[in-house]
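Okay, here's what each chain looks like letter by letter:
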Amino acid sequence: MKRNPLAEIMLVLGGLLTTAAYFMTFFWAPPTAYPDGRVDFAQKIFYFHVPVAEASFLVLIFTAYYGIRFLMTRQRIYDTKAKIATEVALFFVLLTMATGILWTKVEWGVWWQWEPRLTTYFILTLAVIGYFVLRNSTEDEERRAVYASAFGILVFINAPISFFITRWLESIHPIVFGGGKGSGLETTMLVTFIIAQVGMLMLGYAFYQLRLREEEFKERVEALKIEIGG
Amino acid sequence: MNEIYSTVIPQAPYIIGAYGLIWVALLGFVGMVFNRLRRMEKELAVLEESLKRREQA
Amino acid sequence: MKSNSWRQFKAILRKDIVMELRTKEMVSSMGLYAILTMVVYQIALAEAGESFDVRLVMPGLIWVAFIFMSMLGLNRSFVHEKDQGCIEALLLSPVDRPVIFFAKATGNLIFLLIVEFLSLPIFSFLFMQGRAGYGNPVWLLAVVLFGASVGIAAVGTLLATMTVNTKGKDVMLAVLFVPLMYPLLRAAVGATFAAVIGGPGSVETFWAFMAWVVGYDAIMGLVAYGLYEFVIGV
């Protein structure tokens, strides 16, 4: 069984980078302030909320990519890869929701608000959960793979539509990047953010590889059991 | 000064909560996967052994 | 070739319409469902009082009714196909698969529009009498109904083809359908609201929302069309 050492390397690197970003968040990046001069401590959530959210979108690309690859080639491995990518996406999506809700509570005073971006992210969460419900309720193996691929592609197309509708509908959610005058970050804050983002992506890659290895193990165990039993 | 930092203490639990959550989730995920991998490796070894024994017999 | 596809398209569509005319199952069950929903709305609005402006919630209410009603119809239309082995027969016959998609989606669209155009006047009759009327010409409503129904029929046809082969069937359809429908519904409700309430600038708002509806129809319709070939084969 060949081992892909990249998974471990990425895991360690990602761990180091995210840990560094943790410290930089609190000891290096300058605090931001409300218009009245009081410190906006809750802004610190940004450094991890946004990397996780962006990682979730990026991982969904792989769901769609492997979905397309599966539909073209009909090789089971691509379906497995798409499934694992979606699993990692779900993990990040749930983390995004959880940290986002905590931020909302601090800044807006409520746990939840039907604000366009929250709404659409909620919809995305439901769609990703729907992906697994669909997998679980389809019995035939090939059918399950085809349906899951198709739905994964649909979810991936739907996500940017949701994203852009939030920029179009009046939004009270902060737009940090490319939002015109007054948005954007100081260099130290940007560096902290980028380190957290890169680290999170590395971790995402490591998670994906580890789960893939587990899935391969499982298949070999099943195959061996059949061989012994038969 | 006190006025400026008045927001830090009441906001702290939420920030700690968010960071703690991410920590626990990441570590939990890695731990879970490694745990399952180790178990499966053991199972695999046992199966391969029994297969080998059968072939010898 | 082109005319051949067109003949196949007409044949499948005619089959669906003839079957519906004979059984009247889809339109009657969807229509009844819409009317029952209105009874529930009466309960929901019962305590709101006479002064409550129903127009404020009306766009949302009608689209809630239509989205659930359409799921009922979509599920029906494929349960039939499956139970009677019709899909298998279609796949064995030399019909191009995209044609099957267009024919089924068009059939669903027609039935959906029939029920929508019947139940909207009933809604007005039951809830809007003696209150402030529509702010904009009523034909704008017809535009939204048509525009959003195209998206519902296109994506719904694909999803219903999938879910009819799963364990949950109609529940499964709802789980997959509602999240994917969100942008379309949001835009449809926005457009309907602009059409119903009126006021300065409302026509511009209406067309801006309609642009979203048309964009969704185009993008998701194309994707659904592209994926259908794979989904119907297994």
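Cut-off values and rules
- Residues numbered from 1 in each chain as written.
- Chains lettered and ligands numbered in written order.
- Predicted model: local features only at pLDDT ≥ 70, side-chain atom pairs only at ≥ 80, totals over all residues.
- Heavy atoms only, no water.
- Helix = DSSP H or I, 4+ residues; strand = E, 2+ residues; numbered from the N terminus.
- Rg over C-alpha atoms; globule rule 2.2 N^0.38 Å.
- Buried < 20%, exposed > 50% of the residue type's maximum accessible area, 1.4 Å probe, protein only.
- Expected span 1.5 Å × (residues − 1).
- Bend = angle between axes of the 7 residues up to and from the residue.
- Contact = heavy atoms within 4.5 Å.
- Buried area = accessible area lost by both parts, 1.4 Å probe.
- Salt bridge = Lys/Arg side-chain N within 4 Å of Asp/Glu carboxyl O.
- Polar contact = N/O pair within 3.5 Å; in protein donor to acceptor, adjacent residues only side chain to side chain.
- Nonpolar A, V, L, I, M, F, W, Y, C, P; charged D, E, K, R; others polar.
- 1 Å grid on protein atoms, 1.4 Å probe; cavity = no way out; pocket = protein on both sides within 12 Å on 5 of 7 lines; lining within 4 Å.
- Points joined across faces, edges and corners; volume = space filled by probe spheres on them.
- Patch = residues over 30% accessible without salt bridge, like charges linked within 9 Å, V, L, I, M, F, W, Y side chains within 5 Å.
- Areas by Shrake-Rupley, 256 points an atom, 1.4 Å probe, with all protein chains shown as cover.
- Core = buried A, V, L, I, M, F, W, Y, C linked by side-chain atoms within 4.5 Å.
- Domains from an automatic or database assignment.
- pLDDT = per-residue confidence, 0-100.
- Axes fitted to C-alpha atoms, helices over the stretch in contact; angles between N-to-C directions.
- Parallel < 35°, antiparallel > 145°, perpendicular 65-115°, else oblique.

**Here's the deal with the overall build of chain C**
A count of helices and strands for chain C gives eight helices and zero strands. Scaling as 2.2 N^0.38, a compact globule of 234 residues should have a C-alpha radius of gyration of about 17 Å, and chain C matches this with 19 Å. By its C-alpha atoms, chain C is 60 × 35 × 30 Å across when sized along the principal axes. A buried classification covers 50% of the 234 residues belonging to chain C.

**Things to note about helix α6 (residues 139-163) of chain C**
Residue and element names in this part refer to chain C. Along its 25 residues, α6 runs 35 Å from first to last C-alpha, staying within 8% of the 36 Å computed at 1.5 Å per residue. Taking the largest bend as the criterion, α6 deviates by roughly 30 degrees, centred on Gly156. Along α6, 20 of the 25 residues are buried, which leaves the element largely enclosed by surrounding structure.

**Some words on the environment of Ile122(C)**
All names here are of chain C. Relative to the assigned elements, Ile122 resides in helix α5 (residues 97-127). Overall, the relative accessible area of 30% leaves Ile122 in the partly exposed class. Separated by 88 residues in sequence, Ile122 and Ala34 have C-alpha atoms that sit 9.6 Å apart.

**Observations concerning the interface of chain A and chain B**
Listed as interface residues are 42 residues of chain A and, on the opposing side, 33 residues of chain B. Summed over both partners, the interface of chain A with chain B comes to about 3700 Å²; 78% of that surface belongs to carbon and sulfur atoms. For Arg36(B), the salt bridge is made with Glu214(A), and the minimal N-O distance between the two is 2.6 Å. In this assembly, chain A and chain B are joined by five residue pairs in polar contact (both at pLDDT 80 or more).

**Some words on the interface of chain A and chain C**
Contacts between the two partners involve 31 residues from chain A, matched on the other side by 27 residues from chain C. Across the interface of chain A and chain C, roughly 2800 Å² is buried in total on both sides, 81% from carbon and sulfur atoms. Of all residues in chain A, Tyr147(A), Leu154(A) and Trp168(A) bury the most surface against chain C, accounting for 22% of the area lost on that side. Linking chain A to chain C there are zero salt bridges. At the surface where chain A touches chain C, the tally comes to three residue pairs in polar contact (both at pLDDT 80 or more). Elements supplying a minimum of two residues to the side of chain A that touches chain C: α4 (116-136) and α5 (141-168) of chain A. The dominant element in the side of chain A that touches chain C, judged by the number of residues it contributes, is α5(A), at 16 residues. Of the residues belonging to the side of chain A that touches chain C, the class tally is 19 nonpolar, eight polar and four charged.

**Some points on the layout of surface pockets**
Reported here for the second largest pocket is a volume of approximately 580 Å³. Lining the second largest pocket are 26 residues, with Gly60(C), Tyr182(C), Leu185(C), Arg186(C) and Val189(C) positioned closest to its centre. Breaking the lining of the second largest pocket down by element, the ones donating at least two residues are α4 of chain A together with α3 (58-83), α7 (170-197) and α8 (202-233) of chain C. Of all the elements, α7(C) adds the most residues to the lining of the second largest pocket, at ten residues. When its residues are assigned to classes, the lining of the second largest pocket shows 19 nonpolar, six polar and one charged.

**As for the environment of Phe206(C)**
Residue and element names in this part refer to chain C. Its location among the elements puts Phe206 in helix α8. Judged by its relative accessible area of 0%, Phe206 is buried. Sequence separation between Phe206 and Leu140 is 66 residues; the distance between their C-alpha atoms is 8.4 Å. Residues in contact with Phe206, not counting those within four places in the same chain, are Leu140, Val143, Val144, Ala191, Ala194 and Ala195.

**Things to note about a nonpolar patch on the surface**
Taken together, Leu6(A), Ile9(A), Val12(A), Leu13(A) and Leu16(A) make up a surface patch of nonpolar side chains, about 430 Å² in accessible area. With respect to the secondary-structure elements, Ile9(A) resides in helix α1 (residues 5-27).

**Quick look at empty space enclosed by the protein**
Residue and element names in this part refer to chain C. Tallying each qualifying case throughout the model produces four cavities of 30 Å³ or more. Taken as a whole, the largest cavity encloses approximately 100 Å³ of empty space. If you trace the largest cavity, you find it lined by Asp16, Met19, Glu20, Thr23, Glu25, Met26, Ser77, His80, Glu81, Lys104, Asn108 and Phe111. Elements with a minimum of two residues in the lining of the largest cavity: α1 (2-23), α2 (25-45), α3 and α5. Here the lining of the largest cavity takes four residues from α1, the largest share from any one element. Here the residues of the lining of the largest cavity are counted per class, giving three nonpolar, four polar and five charged.

**Some points on the nonpolar core**
Core analysis: the largest hydrophobic core is formed by 157 residues, its most contacted members being Trp63(C) and Leu159(C). Looking at this core element by element, the count peaks at 15 residues for helix α3 (residues 76-108) of chain A. Among the domains, domain 1 (1-30 + 189-230) and domain 2 (44-173) of chain A are the pair contributing at least three residues each to this core. With residues near it in sequence (within four places) discarded, Trp63(C) still touches Glu116(C), Val144(C), Leu145(C), Ala148(C), Ile152(C), Leu185(C), Ala188(C), Val189(C) and Thr192(C).

**Description of the confidence of the model for chain C**
In the predicted model, chain C carries a mean pLDDT of 87, and the fraction of residues at 70 or more is 99%. The least confident element of chain C, judged by mean pLDDT, is helix α4 (residues 86-92) of chain C at 80; the most confident is α6(C) at 92.

**Here's the deal with the packing of α1(A) against helix α1 (residues 8-56) of chain B**
Between α1(A) and α1(B), whose axes approach to 13 Å, the crossing angle comes to 170 degrees. Overall, the two elements α1(A) and α1(B) adopt an arrangement that is roughly antiparallel. Within the contact between the two elements, α1(A) uses Glu8(A), Leu11(A), Thr19(A), Tyr22(A), Thr25(A) and Phe26(A) and α1(B) uses Ile15(B), Tyr19(B), Ile22(B), Trp23(B), Val30(B) and Phe34(B). Per-class residue counts for the contact of α1(A) with α1(B) are nine nonpolar, two polar and one charged.

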